[in-house]
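# Coordinate inspection notes
One-letter residues, chain by chain:
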Amino acid sequence: MTDTNVTPTGSGAVPASADGDNQLVIRDLHVVPVADRSREILAGVDLTVPRGEVHAIMGPNGSGKTTLAYALMGHPAYAVTRGSVTWKGMDILGLSPDKRARLGIFLAFQYPTSIPGLSVASFLRTALNARMRGLDGQAEYDPSDPARGGVTMGAFRKLMREKMGLLKLDDAFAGRYVNEGFSGGEKKRLEMLQMAVLQPEMAILDETDSGLDIDALRIVAEGVNAQLNPGMGVLLITHYQRLLNYITPDYVHVLARGRILKSGGRDLALQLEEEGYGPVLRAAGYDDYVGDEAPEPEPAAH
Ligand SMILES: Nc1ncnc2c1ncn2[C@@H]1O[C@H](COP(=O)(O)OP(=O)(O)OP(=O)(O)O)[C@@H](O)[C@H]1O
Ligand SMILES: [Mg+2]
């Protein structure tokens, strides 16, 4: 997967154990925002994402896609009121976000935040070291000592440069502060750079395509495709079927009214583009659906 010897713990390796180890399993997931517990956003999501598969999630605005991504990662603004999420055979709902990340789960944000004062390079190196240290923070691990699992500065620079090349990012990018003054497209590329460096085993990409022009979309999609491997599962949240022309999903799911209302193959995305979400919602018994008949138009290319 990379020509350097920097590989986070367990990355890319498919454990030869029970099936539960090899998939993210979401069962009957109910989620409320902590700020308003009376409002249920997710009302029983069932979804299984095995390693090696790409699952796209599509759904109307406000249907809970980002909430699902946040709940999987352990965002403190959301509370799980019912259901379970297991990964590597472990119940992850009791784990902090950083522990989930150490277990190989990665979230690319729909709206990345800036961190003035922290350079992209320092941020990535710290994150990689934390990831390589693993869940239990192995005592013998020393980030400054390659003999004790650490990544040398040289090896890290080589890895970062290789991944930046993949995403067609300028060298100066590494010295800039995280997302500070970044264009929308640059923010999305930094999310992808993080993914490329951290080499997750379960990648959740929340509208990584939004705000990208056609060329940037292709570069980002190629970056994701270059990372696909049998050891990694992908949950790809998107509004646009266009992204799925570049990253071919194994399955497409429609999330609406807090549940997965329909699942299908790649052609389901084409059908949604043609017909909107109305038919799926009405077939699920939501006769009152008066939302957009078709997904919002794709942004103009420039
Ligand atoms: N912290 C919160 N407090 C109150 N309501 C929230 C909170 N977070 C999300 N919601 C509401 O939950 C619903 C789902 O929001 P979410 O961001 O998950 O939707 P989405 O499917 O990602 O939408 P989009 O396609 O626009 O990104 C929205 O109506 C939103 O206003
Ligand atoms: Mg969203």
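Keep in mind it's a predicted model, so treat the numbers as computed, not measured.

Turning next to the pairing of strand E6 (residues 105-108). Burial along E6 is two-sided: Ile 105 and Leu 107 facing one way and Phe 106 and Ala 108 facing the other are all buried. Of the pairings in the sheet, the one linking E6 to strand E9 (residues 202-206) comprises four bridges and is parallel in character. Within the sheet, the bridge partner assigned to Ile 105 lies in E9 and is Met 202.

What follows is about the sheet that holds strand E1 (residues 23-33). Across a sheet, strands are paired by hydrogen bonds formed along the backbone, either parallel or antiparallel in direction. Read across the open sheet, the four strands follow the order E2-E1-E4-E5; overall the sheet is antiparallel. Only two strands of the sheet have a single neighbouring strand rather than two, namely strand E2 (42-50) and strand E5 (90-91). Across two bridges, strand E4 (residues 78-87) lies against E5 in antiparallel orientation. Across the sheet, Trp 87 pairs through a bridge with Met 90, a residue of E5. In the packing of helix H1 (residues 65-73) onto the sheet, contacts are made with E1, E2 and E4, and the angle to E4 comes to roughly 65 degrees.

Near ligand 1, the surroundings consist of 14 residues, among which Pro 33, Asn 61, Lys 65, Thr 66 and Thr 67 are the closest. In terms of residue count, the dominant contributor to the shell around ligand 1 is H1 (three residues). Its residues assigned to classes, the shell around ligand 1 shows four nonpolar, eight polar and two charged.

This paragraph deals with the environment of Ala 284. Note on placement: Ala 284 falls in the segment after helix H9 (278-283). Spatially, the C-alpha atom of Ala 284 lies 8.4 Å from that of Lys 262, the residues being 22 residues apart in sequence.

Moving on to the packing of helix H4 (residues 153-166) against helix H5 (residues 184-198). Relative to each other, H4 and H5 sit at 135 degrees, their axes nearing to 10 Å. Classified by the angle their axes make, H4 and H5 are oblique. In this structure, H4 crosses over H5, and the sense of that crossing is right-handed. Of the residues in H5, those touching H4 at Leu 159, Met 160, Lys 163, Met 164 and Leu 166 are Leu 193, Ala 196 and Val 197. Classifying every residue of the contact of H4 with H5 by side-chain character gives seven nonpolar, no polar and one charged.

Attention now moves to H1. Of all nine residues in H1, seven are buried; the element is thus mostly enclosed. Taken as a whole, H1 has its buried residues at Lys 65, Thr 67, Leu 68, Ala 69, Tyr 70, Ala 71 and Leu 72. The positive-phi residue at the C-terminal boundary of H1 is Gly 74, with phi of around 90 degrees.

Definitions and limits used
Residues numbered from 1 in each chain as written. Chains lettered and ligands numbered in written order. Predicted model: local features only at pLDDT ≥ 70, side-chain atom pairs only at ≥ 80, totals over all residues. Buried ≥ 20, exposed ≤ 12 C-beta atoms within 10 Å, placed from the backbone. Helix = DSSP H or I, 4+ residues; strand = E, 2+ residues; numbered from the N terminus. Pairing = 2+ DSSP bridges. Contact = placed C-beta atoms within 7 Å. Axes fitted to C-alpha atoms, helices over the stretch in contact; angles between N-to-C directions. Near = placed C-beta within 6 Å. Nonpolar A, V, L, I, M, F, W, Y, C, P; charged D, E, K, R; others polar. Parallel < 35°, antiparallel > 145°, perpendicular 65-115°, else oblique. Left-handed = near helix turned anticlockwise from the far one by under 90°.

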